[in-house]
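Examination of the molecular architecture
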Amino acid sequence: MNRASTQRSTDRIALRKARRSFNVMTVKKDVWLYILLIPGVLHFIVFKYLPMWGVLIAFQDYNAYLGFLDSPWVGLKHFIDFFTNPDFTRLLSNTLLISSYNLIFGFPAPVIMALLLNEIRSQWYKRSIQTLVYIPHFISWVIVASLTYSLFNSQGVMNKYIVQMGNNAIPFLTSDKAFRGMIIGQTIWKETGFGTIIYLAALSGVDPQLYEAAVIDGANRFKQLWHITLPSIKSTVITLLILRMGHILDNGFDQIFLMSNSLNRKVSEVFDVYVYTIGITRGAFSYSTAVGLFKGLIGIVLIYSANYFAKKVGEAGLF
Amino acid sequence: MKMKRSFASRVFDTLNYIFLGAFAGATVLPFLYVLACSFSTEKEILERPFFIIPRKIFLGAYEYIFSSSTLPRAFMISVFVTITGSAVAMLFTLTMAYPLSKKNLLGRNVLLGMVSFTLVFGGGMIPSFLVIKSLGFIDTFWALVLPGAISTWNLLVIKNFFQEIPQEMEDSARVDGCNALGTFARIVLPLSMPVIATFTLFYAVGYWNDYRSSLLYTTDNKKWPLQLVLRQIVLMAAGNIDGATLDEAFTQPPLEGSKNAVIIFGTLPILLVYPFLQKHFVKGIMIGAIKG
């Protein structure tokens, strides 16, 4: 027994040695692979990791003339400024409200739509619906905002009907009250159809025998949905939910920026837009980087906690 | 297996067909309305609520938007950025994905870790802006092309696809005297044509639709791509191209009509490639769903 284990350990050492020399050989053999990596790795360093290193200006009073290396360090000054700023609570609540509405209404929408599409028997009808509802995903936010403008401005289609029915026109695009509804509506219109793809793929993998067995056992369609269909997409839903959690403070700059204007600023100003206005238009680089960094760090914490929680309740999780 | 369907089941089916049909309708109708408006007179747009067929075909809006060089120029810039961008992006993504797909490559795990980390954290808008600025890329095409050249998500999906290619095929090429580069170019890439088509289209759509990079990195409005000009015309100004310089042919430019014409002009290229896109994207997305 003892001898066997010594034998095994010497074997292991020999194996490790062999593997190491093998590694040197593979590096030489793989020299072309390393050359192929160069553009991509450079891209990651310059456009992904340099900015990450650049977040350090959040702890400086960055000055373009002094540059990144010589600007004075100020510690947490900008963070303290930000947290004590009266804007902070407003930004936080605007951001969280839009995210929560998106989570409550926007997240389940593709799940529901996939389930409904899954119930359609006519393949022709199903495919036509799919073809149409995928389109908006590929349309830019500028176009989506423009379409919204055409339909919802003070003389737009919606308001023409509202006025015809004898009501006062509703300022959809400039009112505080309508803003969140418009944003959620746009998101649902644009992304619901495309979001169904991943669920439909999960559904197509379900063994039809399960349904046959359920029918024989007397399950009606609702019971089949509850006991077979839903469990089969549960892990996909949870994975996407974890990913979504990491982005709870991202409202999508592109969309909100296009829909915000001076009249709805009270509700439309979220972290992403605030960073742009303060940083790019007003040039407060350090302060706006601090805001961005705060957002990014919360994002990491959220995604790891969501993952931890998913594992706790027995799901696979992401990492 | 034929079975009798209950009354409730049939009611549900009917409602389901109607609901999904209505949703699909709501997807398409705004486009049809804008298309109709772009061919209508100002009077008709102001008077009629929703319509799909104009009473009288009026081409004034299109004449107006092409009476200035702004839109054709922005269109050419967008086309150029889209073509160069997709080419550069595919080059960078493919050349990085292939080595990362080799499980015994030394340093692969470190690189993959670095790549995946960018999915959960990034430097953010301002540090990225400062990097672009210090590289001297402001107001150049590079600022519109290079920062978006690798989407981490696309990279990982393509890497997973390469991993699925049987190693034996590559080994036989190696035995025949191909080095890694030759194997990549002669065996792997030809086997990946559908994937390459899919992701080229994805990147192209991304570049075409991108307005954030140009908003951040271009200050000269003569260098604006189409999306930014669109935003200017439809959402910010009153449909007036080139600010104050009105074409003399129009004493009263068709403001509403031209906004709609501009929207159609910006949407059309995407709708033209959509059939090709649709053929591929479902498969493209599903490759990534296989864990690897």
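Residue positions are counted from 1 within each chain, in the order its sequence is given. In the order they appear in the text, chains get letters beginning with A and ligands get numbers beginning with 1. In keeping with the model being predicted, local features are shown solely for residues with a pLDDT of at least 70 and side-chain atom pairs are shown and tallied solely at 80 or more, while totals for entire chains, interfaces and linings include all residues.

This part is about the overall build of chain B. Each helix is a run of DSSP H or I of at least 4 residues and each strand a run of E of at least 2, with the numbering of both proceeding from the N terminus. A count of helical and extended segments in chain B gives 14 helices and zero strands. Here the contact rule is simple: place C-beta atoms from the backbone, and any two residues whose C-beta atoms are within 7 Å are in contact. Within chain B, residue pairs in contact and separated by at least 24 positions form 74% of the contacts whose partners lie at least 6 positions apart.

A tally of regular secondary structure across chain A gives 16 helices and zero strands. Sorting the 319 residues of chain A into buried and exposed places 33% on the buried side. Here the contacts in chain A between residues at least 6 apart in sequence split such that 65% fall between residues at least 24 apart. In this scheme the burial state of a residue depends on its C-beta neighbours within 10 Å: 20 or more other such atoms mean buried, 12 or fewer mean exposed, and anything in between means partly exposed; the C-beta positions come from the backbone.

With that settled, consider the confidence of the model for chain A. Taken as a whole, chain A shows an average pLDDT of 88; of its residues, 92% reach a score of 70 or greater. When mean pLDDT is taken per element in chain A, helix α6 (residues 108-119) of chain A scores highest with 96 and helix α1 (residues 2-29) of chain A scores lowest with 62. Each residue gets a pLDDT score, which is the predictor's confidence in that residue and runs from 0 to 100.

With that settled, the discussion passes to the interface of chain A and chain B. Size of an interface: often given as the accessible area lost when the parts come together. Chain A puts 72 residues into the contact, and the matching count from chain B is 72 residues. The element contributing the most residues to the side of chain A that touches chain B is helix α2 (residues 31-54) of chain A, with 16 residues. Charged means Asp, Glu, Lys or Arg here, nonpolar means Ala, Val, Leu, Ile, Met, Phe, Trp, Tyr, Cys or Pro, and polar covers whatever is left, Gly included. Residues belonging to the side of chain A that touches chain B are distributed by class as follows: 48 nonpolar, 18 polar and six charged.

Looking now at unusual backbone geometry. Residues apart from glycine generally show negative phi values, whereas peptide bonds are mostly found in trans. The backbone phi angle of D139 of chain B is positive, close to 65°, even though this residue is not glycine. Topologically, D139 of chain B is positioned in the loop between α6 (125-134) and α7 (141-145).

Looking now at the environment of I162 of chain A. Along the polypeptide, I162 of chain A turns up in helix α9 (residues 157-164). Apart from residues no more than four positions distant in its own chain, I162 of chain A is found in contact with N167, A169 and I170 of chain A.

Let us now look at the environment of I138 of chain B. Residue and element names in this part refer to chain B. Looking at where I138 falls in the secondary structure, it is placed in the loop between α6 and α7. Spatially, the C-alpha atoms of I138 and S214 are 9.3 Å apart, while their sequence positions differ by 76 residues. Filtering out sequence-adjacent residues up to four positions away, I138 remains in contact with I132, K133, A143, Y217 and T219.

Moving on, we get to the nonpolar core. Grouped together as the largest cluster of nonpolar side chains are 128 residues, with contacts concentrated most on V291 of chain A together with A97, I158, V229 and V262 of chain B. If you tally residues by element for this core, the top one is helix α4 (residues 70-100) of chain B, at 13 residues. Excluding residues within four positions of it along the chain, V262 of chain B makes contact with I65, L230, I233 and V234 of chain B. To define a nonpolar core, we join buried Ala, Val, Leu, Ile, Met, Phe, Trp, Tyr and Cys residues through C-beta atoms within 7 Å and take the resulting set.

This part takes up helix α5 (residues 86-106) of chain A. Residue and element names in this part refer to chain A. The span expected for a helix works out to 1.5 Å for each residue beyond the first. An ideal rise of 1.5 Å per residue puts 30 Å on 21 residues; α5 measures up with 30 Å between its terminal C-alpha atoms. Looking only at α5, the buried set comprises L91, N94, T95, I98, S99, N102 and G106. Taken end-on, α5 shows its buried residues confined to a sector of 115°, consistent with a single buried face. In α5, those exposed residues whose orientation departs by more than 90 degrees from the buried face are P86, T89, S93, S100 and I104. Where α5 is buried, its residues meet α6, α10 (176-204), α14 (265-268) and α15 (271-281). Summarising the geometry, the arc corresponds to the directions from the helix axis toward the C-beta atoms.

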